[in-house]
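# Chain and residue survey
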Amino acid sequence: MNKKNEKYLTTGEFAKLCKVNKQTLFYYDQIGLLSPELKNDKGYRYYSIHQIELFFVIDLLKELGMSLNDIQQYMGNKSPDSFLSLMYQKKEEIVKMRQEIDQKEKMIKAKITLMEEASHLDFQQITFEQLPEATLYLSRNIENITDEEFVEVISDFINELSVSQLDSGYPIGGITKREQVIKGEFSNYSYLYIEQPNPKVGYPYFQAVKGDFLIGYHVGDEKTISETYKRLFKEMERLHLALSDYVFEEYIYDTVVMNHKEHYVTKIMIQVEPIDR
């Protein structure tokens, strides 16, 4: 056999070109996925250069999550049409993977930004700020539900965000209406929410309008949050402000970054208006 003229490669040469070890080629041969084109009487194996592209396709399909068994089934029934169909299918999968990766990157960027901002906050300070408009995605109404129902709502809401790819990386917060806050029912939320800085078309959103807010931070778990509300109400009196329509709460530090509840930090944003309005 004139190996050079017929452009055959030894197992070692073929493995080097394909950037794999020889054991991988031996295994592919063993299972009938990719066998040497020639085997001589002495047991030497030779691959054709035309088999390099076949190896690369097998490797590509593996990287895209296709099992060796499924690849074998394709190899046993390959044709131009079946190859084209397979490539279209894998193209669609890659597009979906890219969208999912882009979504995860946005989530991570948002979390980095929020955590860096939190590192510069004074949690004892109360500030009066004008917040811009914000687009929020809401849960179903959750006023006056039981603790068991609340767990179910959170589970359903998180599932919604995942399925619809609406998890923006911002914290899940709670909206409390004015009447609940006045009654001291600070955790009787009306809705859960998550901010949507880049809202997707086709979903019902709540538009939080631009407005004046008194902002404070509660350090500790929700059992003591009433103490922080008292501080905020005193500051409202001092500034001659009245409670407006909504209060927004969201965690700054929670179980993701803290081991103990006494170190949790909740951001409280009280929508306010002048008392003489």
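Attention in this report is confined to the structure presented alongside it.

Parameters at a glance
- Residues take numbers from 1 onward in each chain, read along the sequence in its written order.
- The model is predicted, so local features are restricted to residues of pLDDT at least 70 and side-chain atom pairs to those at 80 or more, both for listing and for counting; the totals for chains, interfaces and linings are taken over all residues.
- With hydrogens and water excluded, all non-hydrogen atoms of the structure serve as input to the side-chain values.
- Secondary structure elements are taken from DSSP: a helix is a run of H or I of four residues or more, a strand is a run of E of two residues or more, and numbering for both begins at the N terminus.
- Pairs of N or O atoms within 3.5 Å make up the polar contacts considered here, provided that, within protein, one atom can donate a hydrogen while the other can accept it, and that residues adjacent in sequence are counted only when both atoms are side-chain atoms.
- When checking whether two residues touch, look at their non-hydrogen atoms; a contact exists if any pair is within 4.5 Å.
- We call a set of buried residues a nonpolar core when its members are Ala, Val, Leu, Ile, Met, Phe, Trp, Tyr or Cys and they connect through side-chain atoms within 4.5 Å of each other.
- Note on exposure labels: buried denotes an accessible area under 20% of the residue type's maximum, exposed denotes more than 50%, and partly exposed covers the range between, all computed with a 1.4 Å probe on protein chains only.
- Only the stretch in contact is used when fitting a helix axis, every axis being a line fitted to C-alpha atoms; angles between N-to-C directions are given from 0 to 180 degrees.
- For this classification, under 35 degrees means roughly parallel, over 145 means roughly antiparallel, 65 to 115 means roughly perpendicular, and everything else is oblique.
- Left-handed describes a crossing whose near helix is turned anticlockwise from the far helix by less than a right angle; the clockwise case is right-handed.
- Charged residues are taken to be Asp, Glu, Lys and Arg, nonpolar residues to be Ala, Val, Leu, Ile, Met, Phe, Trp, Tyr, Cys and Pro, and polar residues to be all remaining types, Gly included.
- Pairing of aromatic rings covers Phe, Tyr and the six-membered ring of Trp, with a centre-to-centre limit of 6.5 Å; geometry is then stacked below 30 degrees between planes, edge-to-face above 60, and tilted otherwise.
- Two strands are said to pair when DSSP picks up at least two bridges between them.
- Residues are said to line a cavity or pocket when one of their atoms sits within 4 Å of a point; the points come from a 1 Å grid over protein atoms alone, cavities being sets where a 1.4 Å probe fits but cannot get out and pockets being open sets with protein on both sides within 12 Å along at least five of seven lines.
- Grid points are joined across faces, edges and corners, and a volume is the space filled by probe spheres set on the points.

### Points about the side chain of Q103
Here Q103 shows up in helix α5 (residues 80-118). Among the polar contacts made by the side chain of Q103, one reaches the main-chain carbonyl oxygen of D167 at a distance of 2.7 Å. Not counting residues within four places of it along the chain, the set of residues in contact with Q103 comprises Q165, L166, D167 and S168.

### Remarks on the nonpolar core
The biggest cluster of nonpolar side chains holds 19 residues, and the ones touching the most others in it are F14, F55, I58 and I71. Sorting the residues of this core by element identifies α1 (11-18), α2 (22-30), α3 (51-63) and α4 (68-76) as the ones contributing at least two each. With 5 residues, the top contributor of residues to this core is α3. Those residues within four positions of F14 in sequence are excluded, and the remaining contacts are L9, L25, L34, Y47, S48, Q51, I52 and F55. The next biggest cluster of nonpolar side chains, apart from the first, holds 17 residues, and it includes A118, Y193, Y217 and I252.

### Re the packing of α3 against α4
Between α3 and α4, whose axes approach to 10 Å, the crossing angle comes to 140°. It follows that α3 is oblique to α4 by the angle criterion. In this structure, the crossing between α3 and α4 has a hand that is right-handed. Across from L54, I58, L61 and K62 in α3, the residues of α4 making contact are L68, I71 and M75. Residue classes in the contact of α3 with α4 are distributed as 6 nonpolar, no polar and 1 charged.

### Things to note about the packing of aromatic side chains
One pass over the full model with this rule turns up 18 aromatic pairs. Judged by centre distance (6.2 Å) and plane angle (40°), the rings of Y28 and F55 are tilted. A residue pair is termed long-range when its members are at least 10 positions apart, and Y28 in helix α2 and F55 in helix α3 qualify at 27 residues. The exposure classification of Y28 matches that of F55, with both residues buried. Centre to centre, the rings of F186 and F233 are 6.2 Å apart; their planes meet at 50°, and the pair counts as tilted. Of this pair, F186 sits in the loop between α7 (178-182) and β7 (191-195) while F233 sits in helix α8 (residues 225-238), and the two are 47 residues apart along the sequence. Classification of F186 by relative accessible area gives buried; the value is 12%. Judged by relative accessible area, F233 falls into the partly exposed class, the value being 25%. By the ring-pair criterion, three or more aromatic residues cluster together here, those being F14, Y28, Y47, F55 and F56.

### Some thoughts on the sheet that holds strand β3 (residues 45-48)
The strand order β1-β3-β2 describes an open sheet built from 3 strands, whose pairing is antiparallel. The open sheet has two free edges, formed respectively by β1 (8-10) and β2 (38-39), since each of these has just one partner strand. Looking at chain direction, β2 and β3 are connected through 2 bridges and run antiparallel. Within β3, the residue paired with L38 across the bridge is Y46. Contacts from α1 reach β1 and β3, with the element oriented near 95° to β1.

### Notes on the layout of surface pockets
Roughly 290 Å³ of internal volume is contained in the second largest pocket. Tallied by class, the residues present in the lining of the second largest pocket amount to 4 nonpolar, 6 polar and 4 charged.

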